[in-house]
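# Commentary on secondary and tertiary structure
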Amino acid sequence: MCYSVAIDGPAGSGKSTVAKMISKELDIIYLDTGAMYRAVTLKVLSENVDFNDISSIKGIVDSISIDFKGNSIYLDGKDVSEDIRSTIVTNNVSDIAKLDYVRTKMVALQQKIASGNNIIMDGRDIGTIVLPDAELKVFLTASIEERARRRFDELVNKGKDVDMEVLKDEIARRDKIDSERSNSPLVQADDAILLDTSSMNINDVINFILGKLKDRDLI
Ligand code: CDP
């Protein structure tokens, strides 16, 4: 029998780092659903499409090809793993991800990738919409200060010039749009375990999740 693990939470809560490491440890598929919304946003921006021009956005979503190979994501055959992390994509992704048509298509693709596989997926609506029957659901959170600090360290390590206060405002703005949208908002599923990682390190979080999977006889 296959099992799936849903990791949701706001920006900078550590979801992708944790999910990636667990997928390696258990040798199961990892799907970064945020990367898919980022790829759509990159394409909309690069084609200079107005965000209110729904028919052009539909055209993009209907013709887009998104593939994962290893840790890389390919948009229409091109590796865009770096480009989707740019500030301009980060600051616009929530406005694209809230569109019904975009979500319907991405969720269908995510469910197709999950079907018949052991998988760990991270996002905002995995436990509520994408994998409502996931065997384990975890909602990761942390204080806005801690989340901004983590993102700051990540960007500085990549050699980027960032301002902590600006970063904090950008994260707060994104959380607000993600939480307040009408279509599958960022919300903890009723049966998800809430984990505040503000004072936990990555290994603590991973061990916690592995422990839950063992308790449930999934691994
Ligand atoms: O890694 P980070 O927390 O910065 O964000 P991400 O996981 O790359 O997701 C980027 C954006 O995509 C989020 O702020 C949401 O607007 C959107 N998203 C979503 O709506 N649903 C998901 N399942 C995953 C991401």
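Here we summarise the structure given alongside this text. As the structure is a prediction and not an experimental result, all values here were calculated from the model. (Residues numbered from 1 in each chain as written. Predicted model: local features only at pLDDT ≥ 70, side-chain atom pairs only at ≥ 80, totals over all residues. Heavy atoms only, no water.)

So, about the sheet that holds strand 7 (residues 136-141). Strand order in the open sheet formed by five strands is 2-6-1-7-8, with parallel pairing between adjacent strands. This sheet does not close on itself; its edge strands, each paired only once, are strand 2 (29-32) and strand 8 (193-196). Put simply, the sheet's adjacent strands are angled 20° from each other on average, direction ignored. Strand contacts of helix 2 (residues 33-46): strand 2 and strand 6 (119-123), with the helix running at about 40° to strand 2, the strand carrying the most contacts. Those strands touched by helix 9 (residues 202-215) are strand 1 (4-8), strand 7 and strand 8, and its axis lies near 160° from that of strand 7. (Pairing = 2+ DSSP bridges. Helix = DSSP H or I, 4+ residues; strand = E, 2+ residues; numbered from the N terminus. Axes fitted to C-alpha atoms, helices over the stretch in contact; angles between N-to-C directions. Contact = heavy atoms within 4.5 Å.)

For the rest of this paragraph, the subject is helix 9. For helix 9, which comprises 14 residues, the first-to-last C-alpha distance of 20 Å matches the rise-based estimate of 20 Å (1.5 Å per residue) to within 8%. When helix 9 is considered as a whole, its buried residues turn out to be Val205, Ile206, Ile209, Leu210 and Leu213. Taken end-on, helix 9 shows its buried residues confined to a sector of 130°, consistent with a single buried face. Structural note: helix 9 exposes Asn207, Lys214 and Asp215 on the side pointing more than 90 degrees away from its buried face. The inward-facing, buried residues of helix 9 contact strand 1, helix 1 (15-26), strand 7 and strand 8. For helix 9, the N-terminal capping position is held by Asn201, with its side-chain oxygen 3.1 Å away from the main-chain nitrogen of Asn203. Among the residues trailing helix 9, Asp217 stands out with phi positive, at a value near 55°. (Expected span 1.5 Å × (residues − 1). Buried < 20%, exposed > 50% of the residue type's maximum accessible area, 1.4 Å probe, protein only. Arc of directions from axis to C-beta. Polar contact = N/O pair within 3.5 Å; in protein donor to acceptor, adjacent residues only side chain to side chain.)

Looking at the element boundaries, Arg38 is found in helix 2. Despite being buried, Arg38 has no salt bridge partner; Asp32 is the closest side chain of opposite charge, sitting 6.4 Å away. Beyond its immediate stretch of four places on either side in the chain, Arg38 contacts Ile84, Arg85, Val89, Thr90, Val93, Arg151 and Arg174. (Lys, Arg positive; Asp, Glu negative; His and termini not counted. Salt bridge = Lys/Arg side-chain N within 4 Å of Asp/Glu carboxyl O.)

Before going further, it helps to examine the packing of helix 4 (residues 87-97) against helix 8 (residues 164-180). When two helices pack together, their arrangement is captured by the angle between the axes and the distance separating the axes. Relative orientation of the contacting elements helix 4 and helix 8 amounts to 25°, with a least axis distance of 8 Å. The pairing of helix 4 with helix 8 is recorded here as roughly parallel in orientation. The hand of the helix 4/helix 8 crossing is left-handed. Between helix 4, through Thr87, Thr90, Asn91, Val93, Ser94 and Asp95, and helix 8, the contact on the second element is made entirely by Glu170, Arg173, Arg174, Ile177 and Asp178. (Parallel < 35°, antiparallel > 145°, perpendicular 65-115°, else oblique. Left-handed = near helix turned anticlockwise from the far one by under 90°.)

Moving on: the packing of helix 3 (residues 54-63) against helix 5 (residues 100-114). Axis separation between helix 3 and helix 5 bottoms out at 10 Å; the angle between their running directions is 10°. Between helix 3 and helix 5, the angle is such that the two are roughly parallel. Only Tyr101, Val102, Lys105 and Met106 of helix 5 make contact with helix 3, whose side of the interface consists of Ile57, Lys58, Val61 and Asp62. Across the contact of helix 3 with helix 5, the residue classes tally to five nonpolar, no polar and three charged. (Nonpolar A, V, L, I, M, F, W, Y, C, P; charged D, E, K, R; others polar.)

Nonpolar side chains tend to gather and get buried jointly when the protein is soluble and globular. Core analysis: the biggest nonpolar cluster contains 34 residues, and Val40, Ile57, Ile66, Val102, Met106 and Met121 have the highest contact counts within it. If you list the elements that add at least two residues to this core, you get helix 2, helix 3, strand 4 (72-75), helix 4, helix 5, strand 6 and helix 6 (126-130). Sorting elements by how many residues they give to this core places helix 2 first, with seven residues. Sequence-distant contacts of Val102, defined by excluding residues within four places in its chain, comprise Tyr37, Val40, Ile57, Val61 and Ile96. Core analysis: the second largest hydrophobic core is formed by 20 residues, Leu140, Val205, Ile209 and Leu218 among them. (Core = buried A, V, L, I, M, F, W, Y, C linked by side-chain atoms within 4.5 Å.)

Taken together, 20 residues lie around the ligand, and Arg38, Arg103, Arg151, Asp178 and Arg181 are the ones closest in. Within the side chain of Arg103, one N or O atom sits 2.8 Å away from an oxygen atom of the ligand. Side-chain polar atom of Arg174 to an oxygen atom of the ligand: 2.8 Å apart, as the coordinates give it. Contact with the protein chains removes 98% of the 530 Å² of surface that the ligand exposes when unbound. For the shell around the ligand, a count of residues per class yields five nonpolar, five polar and ten charged. (Near = heavy atom within 4 Å. Areas by Shrake-Rupley, 256 points an atom, 1.4 Å probe, with all protein chains shown as cover.)

On inspection of all chains with the given rule, the structure shows zero aromatic pairs. Geometry around Tyr74 places Lys69 over its ring, the cationic atom sitting 4.3 Å from the centre. (Phe/Tyr/Trp six-rings, centres within 6.5 Å; stacked < 30°, edge-to-face > 60°. Lys NZ or Arg CZ within 6 Å of the ring centre and 35° of its normal.)

That's the geometry; what it means functionally is another story.
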